Amino acid sequence: MTDFLLAQVQLKYGSANLARYQTAMAAIKELFESQGIKLVAGTVTRVGPLYEAFNLWRIEDQGHLERALDAIMSASDPGVPGVLAELSATIEHEQTRFLEALPFGDVSPPSGRH
């Protein structure tokens with residue numbers, strides 16, 4: 001079975017704040033993907049609670065996130081603290097869930113696409 005991490009994020013209100021979040025998340029995506037965590041989908045609501053984002057990440061297992069964060073932090077990349085501060089400034093609250101794919105819910109990319 002495939003494991004996932006779902007992050008549900010309520011952003012602080014405003015389109016300028018959403019733009020800041022998108023910029024910070026592009027950097028986070030690059031950092032996570034360097035550690036084998038793959039972004040499956042990054043979304044924001046258009047109808048419903050405004051400025052609510054969902055990020056679905058494919059992970060190896062429930063310990064993958066912790067291992068990746070440890071590796072990222074111990075790499076001493078001077079840009080990481082700024083990216084984390086930017087996320088902190090844009091997020092009202094976050095809720096995460098570890099998920100496991102069901103047999104009928106295969107979300108692997110079609111052949112020829114990655």
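You'll find the structure just up there.
Being a predicted model, the structure only gives us computed values, none of them experimental.

> Looking at this structure, how should I read the nonpolar core?
The nonpolar side chains of a soluble globular protein tend to be buried, and buried together. Counting residues in each nonpolar core, the largest one holds 23 residues, and the members touching the most others are Tyr21 and Ile28. Mapped by element, the contributors of at least two residues to this core are β1 (3-11), α1 (15-34), β3 (52-59), α2 (64-74) and α3 (80-90). If you tally residues by element for this core, the top one is α1, at seven residues. Tyr21 has contacts with Val9, Leu11, Ala53, Asn55, Leu87, Thr90 and Ile91, leaving out every residue within four places of it along the chain.

> Is there a simple way to think about the packing of α1 against α3 in this case?
For any two helices packed against each other, the geometry comes down to the angle between their axes and how far apart the axes lie. Running from amino to carboxyl end, α1 crosses α3 at an angle of 140°, the nearest separation of the two axes being 9 Å. The orientation of α1 with respect to α3, classified from their angle, is oblique. Here α1 and α3 pass one another in a crossing that is left-handed. Together, Asn17, Arg20, Tyr21, Ala24, Met25, Ala27, Ile28 and Leu31 of α1 and Val80, Val83, Leu84, Glu86, Leu87, Ala89 and Thr90 of α3 make up the contact between the two elements. For the contact of α1 with α3, a count of residues per class yields 11 nonpolar, two polar and two charged.

> What should I look at first to understand the sheet that holds β3 in this one?
Strand pairing in a sheet relies on backbone hydrogen bonds, with the paired strands running either antiparallel or parallel. Pairing in this open sheet of four strands is antiparallel, and the strands run β2-β3-β1-β4 from one edge to the other. On the outer flanks of this sheet lie β2 (38-44) and β4 (91-100), each paired with one strand and no other. Pairs of neighbouring strands in the sheet enclose a mean axial angle of 15°, with direction left out of account. In this sheet, β3 lies alongside β2 in antiparallel orientation, the contact comprising six bridges. Paired with Val44 across the two strands is Ala53, which belongs to β3. Here α1 sits on the sheet in contact with β1, β2, β3 and β4, set at roughly 5° to β3.

Rules and cut-offs
- Each chain has its residues counted from 1, running along the sequence as written.
- Restriction of local features to residues with pLDDT of at least 70 applies here, the model being predicted, together with a cutoff of 80 or more for giving and counting side-chain atom pairs; totals for whole chains, interfaces and linings are based on all residues.
- Note that the side-chain values use all heavy atoms of the structure and ignore hydrogens as well as water.
- For our purposes a nonpolar core is just a set of buried Ala, Val, Leu, Ile, Met, Phe, Trp, Tyr and Cys residues, chained together by side-chain atoms within 4.5 Å.
- Accessible area is worked out with a 1.4 Å probe on protein chains only. A residue is then buried under 20% of its type maximum, exposed over 50%, and partly exposed in between.
- Strands are runs of DSSP state E lasting at least 2 residues, helices are runs of H or I lasting at least 4, and numbering of each runs from the N terminus.
- Whether two residues are in contact is decided by their heavy atoms: any pair within 4.5 Å suffices.
- Here an axis means a line fitted to C-alpha atoms, over the contact stretch when the element is a helix, while the angle between two N-to-C directions is reported on a 0 to 180 degree scale.
- Oblique is the label for every angle not falling under 35 degrees (roughly parallel), over 145 degrees (roughly antiparallel), or within 65 to 115 degrees (roughly perpendicular).
- Throughout, a crossing is termed right-handed when the near helix is turned clockwise from the far one, and left-handed when it is turned anticlockwise from it by less than a right angle.
- Gly is put with the polar residues, along with every residue not named as nonpolar or charged; the nonpolar set is Ala, Val, Leu, Ile, Met, Phe, Trp, Tyr, Cys and Pro, and the charged set is Asp, Glu, Lys and Arg.
- By definition, two strands form a pair when at least two bridges between them are found by DSSP.

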